[in-house]
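Per-entry structural report
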Amino acid sequence: MRDAAWTLRRLDPSQDPGDALARGFSARVPGTVSGALRDALGEDRVAAVFASDGPDTVWEYRTRVTTAGGRHRFESTGVATVAQLLVADRVVHESHSAFAPWDVIVELPSGPCEIALRILPTASVSVPRKPRARWLSPLMSDRSLRWRRTPLIGSIDWPGALPVLGPWGGLRAVPFTSSTDDDAAPDPSLGLVPRAVRTRVGEDGNGVVTVELGGVAGTTPDLGADTAGSADTAGSAGAAGNAGAAAGLADVGCSVDVGVPTEPGAGAEDARDTVRITVEPPREVDAEPVTAERVVTASDTTSHGAFTVDLTVPHPALWWPHGMGEQPLYRVRVRTGQGEYTYAVGFRSVYAEPRDRDHHGLALRINDVPVFVRGAVWAGADPFEVAADPQRTRDVLERLRAGGSTMIRVPGTACYETEDFHRACDELGLMVWQDVALGPQDPPDDPEWRAGLRDEVRHLAARLASHPSTVVISGGTEVIQAPALAGRPAEQWRTDVILRDVPRAVGEAGADVVVVPSSPCSDADLDAAQHAYETGETEGERAASSSVPTAAPTDAADGVSHYFGVGAYGRPLEDAVTRGVRFAAEALAFAVPPEPAAVREQFGTDGPLDDADSADAWRAGVAHDPGAEWTFEDTTAIYVHRLFLDRDSDPDAGLATPAQPVSDGAGTDHAERLEYERAALAHVFQRTFAQWRSGDSPCRGALVLSALSTAAGPGWGVLDVSGRPTAAWYGMRRACAPVAVSFLPAGGDGLPVHVWNDGPTPLTATLRLTVATVRGGCQQPLDIPVTVPARGETVIRADLADGTFRDLDHAYGFGEREYDAVSALLVDPSGRVLARDVHLTGGPRRNDPLDPGLDAQWIRAEQGEWVVAVRASGLARFVALDLPRGAAAEDGYVHVLPGETVHVPVRGILTDEGRAATRMRALGVPSVPVNAESG
């Protein structure tokens, strides 16, 4: 069915039979209804179509295939949400969960056959009214969603949020072969197929590959199971569902294996299978393949029909996060009577450092090396499509990695991701934090519901266990924080669902990961989840109603936090340090405006709020939380005022006499205000991440909210809705690159410059310091040899680097200010610039900025890439390129010292017309064209 042509149509009693949606249009599988609508009608019409759906609307995918007949396995990672599989217009399987995998055996007739997937409204399945929720989330008005296993993203009022409907996990039909059908076969087959492949690294340094196999019939789900239904009806519905499906198939010459346990038939005890497993090293690793072959009989399997094979791989090459080492992937080939199955796996260890009286919060070690984690919360590669085009997914992930990211978090409000996503993360060295699909709702304490969730988590953890990139599995998003913020008593903050069920299911799947009960959570929650993961039991007694908690899930220095002190709560940049942030699974939420070219493309003007035709569209894309009277655009404005406009603010404590703010009339034009917003965000993201990355900081991880904006306009993303970098991405990149340099002013304690090296070997380089004076020139550069330890940091005091003390930041304020800026270039022995940063004395604000005499020119690099050479006769602040669609600068919002030339690489598609249209901007002065290549 990989090449099958699918048609999608809407079935709604209230619609006109001649409606184009009723007639049908082309759709992709894997895919979703929103993606198909976007492809057929355009982005602007998708939301209106969903808004017109009635309570009885059904979406139906249909295709026609021709087969030789016989038994086929229908497999899917998941179909959202209430879905039916039809063969020859008869229902053969039904699922009420968007996340439960499908593995159904169907007897197909020979010749042409109609296959259909019907997506029914979630309201078509009733849910229990009791037990009632102990607390409610302000994000979602539909109280039934706590019972339904469906992505929450389309039910929360966030920009661009759309419901997830359809076969996001694909659908394929595989012929099922069994030697029981072959009279010549000496013994019946067990029909073994791989259920899971996982790896671990032992204390002796050897790797172990574990392959778990099971019979096909054993993996077939119960067709009548309803993980979201009432405990009173689940049992009877299961029996009726199985019987009804089987009877219906008999009428059309099909049959379905419903997986009902039966007594072994004649000859079952003689069933056997030969399993051959080979582990092949990657080409760059000098090692021989490891092979094992087993003859498995029925007596070898467990009561669940499972069989496990372990292979030892002597001292495998280890998988490392991006920047810390390579990502070697081994190939595992599993051959059974059902065919050959291939997996790419990696070897690495991961654990959380022990917590004690002096060490709080989550801190990860990979291969026994401490890591500073940085990255973003994943919002998908395509706002319209969970099963995004694999190349688009990889492009977005590569752009995040180029911005210094080492981890991506898939939140509990979203859908699970496809194998394309996880394979790309394996190959790119991007660690994955995977939330179970539980959002800020009270999980039902219902036996049937909890059993269904445990099955879902076991399948998810088993699927991800083969991916070395998956290092954390968490029990959801804000499941503990939401009741705490709602003022509920402490005993309602935690439930066995997240403290026991989820960690236990992950442990049963054998996934080598760190378990987190929910994000955020406290140290005590982390310890309880780890205990359940290791033993399957709940640790200690649940808190009594009269107990007084010692920590809240909102504490930045304890457990895992969602830190928005810098951001939504408008606190100074130093708050990121003084709060003692340990691991922020969400942080730095701002409304981030796209680059000027993207704004013009999406809204037809540089300043959308100045145009009545574009203002409403702009406001629709502004990042906001449901119920809040403010937006994150207001948050961004706070930092613009603090950095540039507020007369009383002195953000860097660098000037004894602060510079005067810009004139009262500045920023009244929307395009000009956006330029100040971009400059402010570049500064905030770089400074905050540099503070967190410093060896003096307790922080061991921070993930920004979020990776990609989900609508045109100022969303949360460090990448805009089309995947292009924003000012926030450029600031983050400078502080988070594997090799990076950044100034961190210390007030009266001078001007340290931090040099980081994530690589596995020491870095020998030269740190070149250049000081710009207030008179408009630069002093002679000072070269300082530096050796940065492997995966380490070196700190140089720029104010002491020449052997004397220079008040480079005018922190003491004696006399007139002498210095204007200081630059730091990290140069390797061949003269190549590895990293660069510039500190503006006293912070970004300046008195009466003069025209810096900006000049830019295209040049060709040795490898043929395009580079823009930027020069300035005076100090130019926040210099950035304005590029056409398809091209992106690798650096932006940089400061250029007087007489300095800075080279900015450009990647992507660049035509002659595009280069001619490119302009160079600097804050507070008119942009200039980039001159053509000379000669």
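Residues numbered from 1 in each chain as written. Predicted model: local features only at pLDDT ≥ 70, side-chain atom pairs only at ≥ 80, totals over all residues. Heavy atoms only, no water.

**Brief notes about the confidence of the model for the protein chain**
Summarising the model, the protein chain shows a mean pLDDT of 89, and 89% of its residues fall at 70 or more. A low-confidence stretch, residues 650-665 stays under pLDDT 50, and its non-local contacts, those more than four residues away or across chains, total 39 contacts. (pLDDT = per-residue confidence, 0-100. Contact = heavy atoms within 4.5 Å.)

**As for the sheet that holds strand 14 (residues 290-297)**
Pairing between the strands of a sheet is mediated by backbone hydrogen bonds and can be parallel or antiparallel. An order of 14-13-16-17 is seen for the four strands of this open sheet, with the pairing classed as antiparallel. With partners counted over all chains shown, the strands left at the sheet margins are strand 14 and strand 17 (339-345), one partner each. When strand polarity is set aside, the average angle formed by the axes of neighbouring strands in this sheet is 15°. (Pairing = 2+ DSSP bridges. Helix = DSSP H or I, 4+ residues; strand = E, 2+ residues; numbered from the N terminus. Axes fitted to C-alpha atoms, helices over the stretch in contact; angles between N-to-C directions.)

**Examining the environment of Val-795**
Structurally, Val-795 is set in strand 33 (residues 792-797). Once residues within four sequence positions are removed from consideration, Val-795 is found in contact with Pro-752, Val-753 and His-754.

**Side note on the environment of Ala-707**
Within the element layout of this structure, Ala-707 appears in the loop between strand 28 (701-704) and helix 16 (727-736). By relative accessible area, which is 0% here, Ala-707 ends up buried. In this structure the C-alpha to C-alpha distance between Ala-707 and Ser-405, which are 302 residues apart in sequence, comes to 9.8 Å. Filtering out sequence-adjacent residues up to four positions away, Ala-707 remains in contact with Ala-376, Val-377, Trp-378, Leu-400, Gly-717, Val-718 and Leu-719. (Buried < 20%, exposed > 50% of the residue type's maximum accessible area, 1.4 Å probe, protein only.)

**Some words on the pattern of salt bridges**
One pass over the full model with this rule turns up 63 salt bridges. The salt bridge involving Arg-198 is made with Glu-212; its shortest N-O contact spans 3.5 Å. Here Glu-212 lies in strand 11 (residues 207-215) and Arg-198 lies in strand 10 (residues 192-201), a separation of 14 residues in the sequence. For the salt bridge of Arg-494 with Asp-525, the shortest nitrogen-to-oxygen distance reads 2.2 Å. With a gap of 31 residues between them, Arg-494 in the loop between helix 8 (481-485) and helix 9 (496-508) and Asp-525 in helix 10 (residues 523-535) connect regions that are remote in the sequence. The burial state of Arg-494 is the same as that of Asp-525; both residues are buried. Within this structure, Arg-9, Glu-60, Arg-62, Arg-64, Asp-89, Glu-114 and Arg-118 form a network of salt bridges that share partners. (Salt bridge = Lys/Arg side-chain N within 4 Å of Asp/Glu carboxyl O.)

**Re the sheet that holds strand 39 (residues 887-889)**
Across the sheet, which stays open at both edges, the four strands sit in the order 36-37-41-39 with antiparallel pairing between neighbours. A single partner strand is all that each edge strand has here, and the edge strands are strand 36 (855-860) and strand 39. Within the sheet, the average angular offset between the axes of one strand and its neighbour, ignoring direction, is 30°. Relative to strand 41 (residues 901-908), strand 37 (residues 866-871) runs antiparallel, the two being bridged by six bridges. From the neighbouring strand, Trp-866 faces strand 41, where its bridge partner is Val-906.

**Section: the packing of aromatic side chains**
In total, this model carries 18 aromatic pairs according to the counting rule given. Between Tyr-563 and Trp-692, the aromatic rings sit 5.8 Å apart at their centres with planes inclined by 80°, giving edge-to-face as the arrangement. Remark: Trp-692 occurs in helix 15 (residues 670-693) and Tyr-563 occurs in strand 26 (residues 561-563); sequence separation between them is 129 residues. Pair check on accessibility: Tyr-563 and Trp-692 agree, each one buried. Ring centres of Phe-603 and Trp-618 lie 5.2 Å apart, and the angle between their planes is 65°; this geometry places the pair in the edge-to-face category. Here Trp-618 lies in helix 13 (residues 612-620) and Phe-603 lies in helix 12 (residues 596-603), a separation of 15 residues in the sequence. The class for Trp-618 is buried, based on a relative accessible area of 0%. Through pairs of rings, three or more aromatic residues link up here, namely Trp-158, Trp-630, Phe-632 and Trp-716. A cation over an aromatic ring shows up here: Arg-642 above the ring of Tyr-639, its NZ or CZ 5.2 Å from the ring centre. Over the ring of Trp-320 we find Arg-791, and its NZ or CZ is 3.9 Å from the ring centre. (Phe/Tyr/Trp six-rings, centres within 6.5 Å; stacked < 30°, edge-to-face > 60°. Lys NZ or Arg CZ within 6 Å of the ring centre and 35° of its normal.)

**Description of the packing of helix 15 against helix 16**
Interaxial distance between helix 15 and helix 16 falls to 7 Å at its minimum, and their mutual angle equals 25°. On the basis of their axis angle, the class for helix 15 and helix 16 is roughly parallel. The crossing of helix 15 and helix 16 is right-handed. For the pair helix 15 and helix 16, contact is made by Arg-678, Leu-681, Ala-682, Phe-685, Gln-686, Phe-689, Ala-690 and Arg-693 and by Ala-727, Ala-728, Gly-731, Met-732, Arg-734, Ala-735 and Cys-736, respectively. (Parallel < 35°, antiparallel > 145°, perpendicular 65-115°, else oblique. Left-handed = near helix turned anticlockwise from the far one by under 90°.)

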